[in-house]
Amino acid sequence: MTTLYCACCGQPFRRTSPRGPAPLYCSRDCRRQIEVRRRVWASLRAAERTAAAPLTPVVPAGAGSFHRVEIVWERASA
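The rules we used
Residues numbered from 1 in each chain as written. Predicted model: local features only at pLDDT ≥ 70, side-chain atom pairs only at ≥ 80, totals over all residues. Heavy atoms only, no water. Core = buried A, V, L, I, M, F, W, Y, C linked by side-chain atoms within 4.5 Å. Buried < 20%, exposed > 50% of the residue type's maximum accessible area, 1.4 Å probe, protein only. Contact = heavy atoms within 4.5 Å. pLDDT = per-residue confidence, 0-100. Helix = DSSP H or I, 4+ residues; strand = E, 2+ residues; numbered from the N terminus. Patch = residues over 30% accessible without salt bridge, like charges linked within 9 Å, V, L, I, M, F, W, Y side chains within 5 Å. Areas by Shrake-Rupley, 256 points an atom, 1.4 Å probe, with all protein chains shown as cover. Salt bridge = Lys/Arg side-chain N within 4 Å of Asp/Glu carboxyl O.

Asker: Describe the nonpolar core, naming the residues involved and giving the relevant values.
Answerer: Of all hydrophobic cores here, the largest spans seven residues; its members are Leu4, Cys6, Cys8, Phe13, Tyr25, Cys30 and Ile34. Discounting residues that sit within four places of it in the chain, Ile34 has contacts with Cys8 and Tyr25.

Asker: Give a description of the confidence of the model for the protein that names residues and reports values.
Answerer: Predicted coordinates in regions of low pLDDT should not be interpreted in detail. On average, residues of the protein carry a pLDDT of 81, and 74% of them reach 70 or more. The element-level mean pLDDT for the protein is lowest in helix α1 (residues 28–51), coming to 89, with strand β2 (residues 12–14) highest at 91.

Asker: Tell me what's going on with the environment of Gln11, and back it up with residues and numbers.
Answerer: Structurally, Gln11 is set in the loop between β1 (3–5) and β2. For Gln11, a relative accessible area of 45% corresponds to the partly exposed category. Taking C-alpha positions, Gln11 is 8.9 Å from Tyr25, a pair spaced 14 residues apart along the chain. In contact with Gln11, not counting residues within four places along its chain, are Leu4, Tyr5 and Cys6.

Asker: Which residues make up a nonpolar patch on the surface, and what are the values?
Answerer: Residues Val36, Val40, Trp41 and Leu44 make up a contiguous nonpolar surface patch of roughly 350 Å² in combined accessible area. Position of Leu44 among the secondary structure elements: in helix α1.

Asker: Which residues make up the environment of Pro23, and what values go with them?
Answerer: Tracing the chain through its elements places Pro23 in the loop between β2 and α1. With residues near it in sequence (within four places) discarded, Pro23 still touches Leu4, Phe13 and Arg15.

As structure tokens, then:
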């Protein structure tokens, strides 16, 4: 049997059966811990996406209209 290392806690453990895919976690507790972490990470990513949503620019009254300026970069000769 080969020694594997838990993806959660890093503890070495032995595979109980050579059949099927190799397990990633040494115990049920580690498997549950990773499930909890994934849910938290997913909710944090969703919150970051909503916080990073582009807002409409605030233009002072009477400032006139602004036009978008595009910059074209050219490669300088060496």
